[in-house]
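Report on the structure
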Amino acid sequence: MRKMDFSSKTASRIVGVLFIVAALTAIVGVILYKPILNDSDYLIQGSAHANQVVLGALMELTLVVSAVGTATTMFPFLKKYNRTIAIWHVFFRFMEAVVITVGIISVLSLLALSQDYVAAGAPNITSYQVSGTLLKAVHDYTFLLGPNFFLGINTMMYSYIFYKSKLVPRFIPVLGLTGSVLILLAALLEMFGVIDQVSAWGAILAIPIFANEMILAVWLITNGFNGSVVHSRQTSV
């Protein structure tokens, strides 16, 4: 019994830490990508800040690992309450990670384009701009689909199970369900051009899901999953 309790607490702490790591690396990655994604002179600035861009890619790769880690570590607990939805959660979290990885590849490809442009001296800028615009568009859509659309779906999955199981206090999954709906709404509004991808409305709609992840992370690190619920489920299986 003690071994089971220790395993539950250890797993919950791992999940909490991974949620925080994912959030921090996502924010840092966006900041580090600024010269190549947001600068009007990105074909020169990208190459000039190559190490910074690569570090941003490493941050996002850490995000990918953390995202998959949260899903796979929670799965043994979630599947006891609803195996189908638990599998859906892992799948959509994995899809989020895959889409983010495609975005990383597009940024590194844009960096290679920038370095080639600088090395060429004074090439025909039009062809480089066309390629650059395409690669930036790929990243923009991966940013929309990964951290918005698929994030909303997988958050809805685990929040539903948390709400039904009472593994964590119910106010947390309620916030998660609310945040998942709002981030999905943000993704749809951005997809149809109602709001810009980086906008005040986009940030406002993302606040609840960010708050949910941080509150959940702190709760899991300090308190873990509800021990009585874990124990009762274990003994009934």
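Below you will find a few notes about this structure. (Residues numbered from 1 in each chain as written. Predicted model: local features only at pLDDT ≥ 70, side-chain atom pairs only at ≥ 80, totals over all residues. Heavy atoms only, no water.)

Let us now look at the overall build of the protein chain. Helices and strands together make up the secondary structure of the protein chain, namely nine helices and zero strands. Expressed as lengths along the three principal axes of its C-alpha atoms, the size of the protein chain is roughly 70 × 35 × 25 Å. Within the protein chain, the proportion of its 237 residues that are buried is 42%. A separation threshold of at least 6 residues defines the contact pool for the protein chain, and within that pool the share at least 24 residues apart is 78%. Working note: accessible area of the protein chain is about 11800 Å², and carbon and sulfur atoms make up 69% of it. Side chains of the protein chain give 14 positive and 10 negative charges; the mean places of these two sets differ by 27 Å. (Helix = DSSP H or I, 4+ residues; strand = E, 2+ residues; numbered from the N terminus. Buried < 20%, exposed > 50% of the residue type's maximum accessible area, 1.4 Å probe, protein only. Contact = heavy atoms within 4.5 Å. Areas by Shrake-Rupley, 256 points an atom, 1.4 Å probe, with all protein chains shown as cover. Lys, Arg positive; Asp, Glu negative; His and termini not counted. Charge placed at Lys NZ, Arg CZ, Asp CG, Glu CD.)

Taken as a whole, the largest pocket spans an internal volume of roughly 1100 Å³. Along the walls of the largest pocket sit 36 residues, with Ala26, Val30, Phe143, Pro147 and Asn148 positioned nearest its centre. Of all the secondary-structure elements, those providing two or more residues to the lining of the largest pocket are α1 (2–32), α2 (34–37), α4 (50–78), α5 (83–119), α6 (125–165), α7 (171–191) and α8 (200–222). For the lining of the largest pocket, the residue count by class is 20 nonpolar, eight polar and eight charged. (1 Å grid on protein atoms, 1.4 Å probe; cavity = no way out; pocket = protein on both sides within 12 Å on 5 of 7 lines; lining within 4 Å. Points joined across faces, edges and corners; volume = space filled by probe spheres on them. Nonpolar A, V, L, I, M, F, W, Y, C, P; charged D, E, K, R; others polar.)

This part takes up a nonpolar patch on the surface. Together, Val54, Leu55, Leu58, Leu61 and Leu108 line one region of the surface with nonpolar side chains, adding up to about 380 Å² of accessible area. For the nonpolar patch, the leading source of residues is α4, giving four residues. Inspection of the secondary structure assignment puts valine 54 in helix α4. (Patch = residues over 30% accessible without salt bridge, like charges linked within 9 Å, V, L, I, M, F, W, Y side chains within 5 Å. Salt bridge = Lys/Arg side-chain N within 4 Å of Asp/Glu carboxyl O.)

Turning to the environment of serine 131, a few remarks are in order. With respect to the element layout, serine 131 can be found in helix α6. Along the sequence, serine 131 and glycine 146 sit 15 residues apart, while their C-alpha atoms lie 22 Å from each other.

What follows is about the pattern of salt bridges. In this structure the tally under the stated criterion is one salt bridge. Here glutamate 96 ties to arginine 93 by a salt bridge, and the two come within 2.9 Å at their closest N and O atoms. With a gap of three residues between them, glutamate 96 and arginine 93 both fall in helix α5, about one helical turn apart. Given the relative accessible area of 4%, glutamate 96 is considered buried. Residue arginine 93 is classed as buried on the basis of its relative accessible area, which comes to 3%.

Here we come to α8. Note that an α-helix has 3.6 residues per turn; residues three or four places apart therefore point the same way. Helix length check: α8, at 23 residues, gives a terminal C-alpha distance of 33 Å against a target of 33 Å (1.5 Å per residue), a fit within 8%. In the structure, α8 departs most strongly from a straight axis at isoleucine 207, where the bend amounts to approximately 35 degrees and where the proline proline 208 lies between one and four residues downstream. Listing the buried residues of α8 in full gives Gly202, Leu205, Pro208, Ile209, Asn212, Glu213, Met214, Leu216, Ala217 and Leu220. (Expected span 1.5 Å × (residues − 1). Bend = angle between axes of the 7 residues up to and from the residue.)

This brings us to the environment of phenylalanine 162. By secondary structure assignment, the location of phenylalanine 162 is in helix α6. Taking relative accessible area as the criterion, phenylalanine 162 reaches 1% and is therefore assigned buried. Taking the C-alpha atoms as reference points, phenylalanine 162 and threonine 178, separated by 16 residues in sequence, lie 14 Å from one another. In contact with phenylalanine 162, other than residues within four places in its own chain, are Met74, Leu78, Leu167, Val168, Pro173, Leu216 and Phe225.

Note that serine 114 resides in helix α5. A polar side-chain atom of serine 114 sits 2.6 Å from the main-chain carbonyl oxygen of leucine 43. What serine 114 contacts, discounting residues up to four positions off in sequence, is Tyr42, Leu43, Ile44, Gly46 and Ser47. (Polar contact = N/O pair within 3.5 Å; in protein donor to acceptor, adjacent residues only side chain to side chain.)

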